[in-house]
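Listed below, chain by chain, are the residues.
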Amino acid sequence: MNLNKSFLNYCKKNNLEINPNQLDLIEELNLFYNQNFNKSLLKKIFTKQNSKTGFYLQGDVGVGKTMILNFFYNNFDKTKKRFHFNEFMISFHDFVFKNKENNQENIIDKFVKKLKSKSKLIYFDEFQVTNIVDAMILGNLFKKIFDENIKVLFTSNAKLNDLYKDGLQRDQFLPFIKIMKEQCFQAKLIIEEDYRKSSKNKNERYFFPLNETINFKLNKFFRKITKNLSKKEMTLIIKGRKFFIKNYFNGIARFDFKELCSKNIGAEDYIKIAEVCNFIVIENIPIFNIDNSNQQQRFITLIDILYEKNIPLMISSQLQLDLLSSSEDLRKIFKRTISRLYELTSIKYNKL
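Since the structure is predicted, the reported quantities are computational estimates derived from the model, not experimental observations.

Asker: Would you explain the overall build of the protein chain in this entry?
Answerer: Summing up its helical and strand segments, the protein chain has 13 helices and twelve strands in all. Radius of gyration (C-alpha) of the protein chain: 21 Å, near the 20 Å computed for a compact globule of 352 residues. Summarising its shape, the C-alpha atoms of the protein chain cover approximately 70 × 55 × 40 Å along the three principal directions. Buried positions account for 49% of the 352 residues belonging to the protein chain. Put simply, of all contacts in the protein chain between residues at least 6 apart along the chain, 78% involve residues at least 24 apart.

Asker: What is the right way to look at helix α12 (residues 293-308) in this model?
Answerer: Residue pairs three or four apart in sequence face the same way in an α-helix, which turns once every 3.6 residues. Its 16 residues place the ends of α12 23 Å apart at the C-alpha level, agreeing with the 22 Å of an ideal helix rising 1.5 Å per residue. Among the residues making up α12, those that are buried are Gln 296, Arg 298, Phe 299, Ile 300, Thr 301, Leu 302, Ile 303, Asp 304, Ile 305, Leu 306 and Tyr 307.

Asker: Would you take a moment to explain the pattern of salt bridges for this structure?
Answerer: It is possible for side chains of opposite charge to pair when their charged atoms get near one another. Taken as a whole and assessed by the stated rule, the structure comprises 19 salt bridges. The residue Asp 77 makes a salt bridge to Lys 78 at a minimum N-O spacing of 3.6 Å. Here Arg 241 makes a salt bridge to Asp 269, at a shortest N to O gap of 2.8 Å. Of this pair, Arg 241 sits in strand β8 (residues 241-245) while Asp 269 sits in helix α11 (residues 267-276); the two residues are 28 residues apart in sequence, bridging distant segments of the chain. Residues participating in the shared-partner salt-bridge network are Lys 65, Glu 126, Asp 304, Arg 336 and Arg 340.

Asker: Sorry if this is basic, but what is going on with the sheet that holds strand β9 (residues 247-249) here?
Answerer: Through backbone hydrogen bonds, the strands of a sheet pair up, either in parallel or in antiparallel fashion. Spatially, five strands are ordered β6-β12-β11-β10-β9 in an open sheet, and the strand pairing comes out mixed. Strands at the two margins of the open sheet, each flanked by one partner only, are β6 (206-207) and β9. Judged from the three bridges that link them, β9 and strand β10 (residues 252-256) form a sheet pairing that is antiparallel. Counterpart to Phe 249 in the pairing with β10 is Ile 252.

Asker: What am I meant to see in the nonpolar core here?
Answerer: Here is a general trend for soluble globular proteins: nonpolar side chains tend to be buried in one another's company. In this structure, Phe 243, Ile 273, Ile 280, Ile 282, Phe 299 and Leu 313 are the most contacted members of the largest nonpolar core, which totals 42 residues. No other element matches the seven residues that α12 contributes to this core. What Phe 299 contacts, discounting residues up to four positions off in sequence, is Phe 257, Cys 261, Ile 285, Phe 288, Phe 334, Thr 337 and Leu 341.

Asker: Which parts of the structure should I look at to understand the side chain of His 84?
Answerer: As for its position among the elements, His 84 is in the loop between β2 (80-83) and α5 (85-98). We classify His 84 as buried; its relative accessible area is 8%. A polar contact of 3.0 Å, which involves the side chain of His 84, links it to the backbone nitrogen of Asn 86. Dropping the residues within four chain positions of it, His 84 is found in contact with Asp 304, Ile 305 and Glu 308.

Asker: Even after reading the chapter, I still don't get the packing of helix α2 (residues 20-37) against helix α4 (residues 65-75), so can you show me in this structure?
Answerer: Two packed helices can be described by the angle between their axes and the distance between those axes. Where α2 contacts α4, the two axes come as close as 11 Å, and the packing angle between them is 35°. Judged by the twist between their axes, the crossing of α2 over α4 is right-handed. Two secondary-structure elements touch here, α2 through Gln 22, Leu 25, Ile 26, Leu 29, Phe 32 and Tyr 33 and α4 through Met 67, Ile 68, Leu 69, Phe 71 and Phe 72. Here the residues of the contact of α2 with α4 sort into ten nonpolar, one polar and no charged.

Asker: What is the right way to look at the state of the cysteines in this model?
Answerer: Joining two cysteines, a disulfide is a covalent bond between their sulfur atoms. With the rule as written, the count across this model stands at zero disulfides. With no disulfide partner, Cys 277 has as its closest neighbouring cysteine sulfur the one in Cys 261, 14 Å distant. For Cys 277, a relative accessible area of 7% corresponds to the buried category.

Asker: What should I look at first to understand the side chain of Gln 58 in this one?
Answerer: In this fold, Gln 58 is placed in strand β1 (residues 54-59). Residue classification places Gln 58 among the buried positions, given a relative accessible area of 11%. Ignoring sequence-local partners within four residues, the contact set of Gln 58 consists of Lys 65, Ser 156, Asn 157, Ala 158, Lys 159, Ala 187, Lys 188 and Leu 189.

Asker: Can you help me understand the pairing of strand β11 (residues 279-285) in this one?
Answerer: A regular strand carries its side chains on alternate faces of the sheet. With six of seven residues buried, β11 lies mostly within the body of the structure. By the bridge criterion, five bridges tie β10 to β11 in an arrangement that is parallel. If you follow Arg 254 over to β11, its bridge partner there is Val 281. For β11 and strand β12 (residues 313-317), the ladder comprises four bridges, and the chain directions are parallel. Note on β12: the bridge partner recorded for Ile 282 is Ile 315.

Calculation criteria
Residues numbered from 1 in each chain as written. Predicted model: local features only at pLDDT ≥ 70, side-chain atom pairs only at ≥ 80, totals over all residues. Heavy atoms only, no water. Helix = DSSP H or I, 4+ residues; strand = E, 2+ residues; numbered from the N terminus. Rg over C-alpha atoms; globule rule 2.2 N^0.38 Å. Buried < 20%, exposed > 50% of the residue type's maximum accessible area, 1.4 Å probe, protein only. Contact = heavy atoms within 4.5 Å. Expected span 1.5 Å × (residues − 1). Salt bridge = Lys/Arg side-chain N within 4 Å of Asp/Glu carboxyl O. Pairing = 2+ DSSP bridges. Core = buried A, V, L, I, M, F, W, Y, C linked by side-chain atoms within 4.5 Å. Polar contact = N/O pair within 3.5 Å; in protein donor to acceptor, adjacent residues only side chain to side chain. Axes fitted to C-alpha atoms, helices over the stretch in contact; angles between N-to-C directions. Left-handed = near helix turned anticlockwise from the far one by under 90°. Nonpolar A, V, L, I, M, F, W, Y, C, P; charged D, E, K, R; others polar. Disulfide = S-S within 2.5 Å.

Below you can see the structure in the form of structure tokens.
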């Protein structure tokens, strides 16, 4: 795999600015590939102890981490799978539930062997850990993944040492960080500009503040994209629970913020919603603070999933996008949400 030449051609074809830091990162990915997939038998014997099967890329929001690892992933010609981390952990918990007669160690072994049978490489974009249940599992789970020689790509806004920072019982999470340091190449991408906030992304479907004028504009926009479509309530069944999408127009859904983020729902529900929607309207984004931090955390998870699924959004909010407030504990993570909202409210939609 000659990533250097391919990346330059890719940038030229897509009219992308070529940054020296990105070219350095391509060199590191080339090294990772050659050490793991392009070694002679003799080299394998002598480099086995020094080889690392993971690649952890850290960087601020909007610097192009995902673009570069997507490029690597798309050029990888062996079995592979890309996961949203929440989706991956849901699949693990489902597997545990279906095999609960076995002890946990056997369940992890079986899950990872099934994973290996389908993928030589797995990829987690914007990796983060916020759930204590997941945090307690990850050490044993990823130790087995690396032991089985499954190659893993990660992008994250956080340094390895900062994962699950200030989380409950974090001392039990530290073995996972130790495993990651032992098994992963660590790289950092530094670029001053947030590409999602460039002039190409004008967040033209982001409306503020919340008043009658904005409501009129949003309704006008919504009528345009649902023209000639009939309204039909959609019912989703999620592990025996029902979730109703009241305003559903053949793939276009309209929600109030409270419907999505003030109820006791989460990643699994949002994934199911994303499966039946190709355009989503979310109205009445509030001012976030310590009093509604739970709702804000759900909103962060929701936007992460919609971004992963590349679903265009239309938003109405109390505040301008750059000025969206945050509870103090979520301020750093929320930078990513704001950056992603720029893109999701700007990407093209075929009905416009």
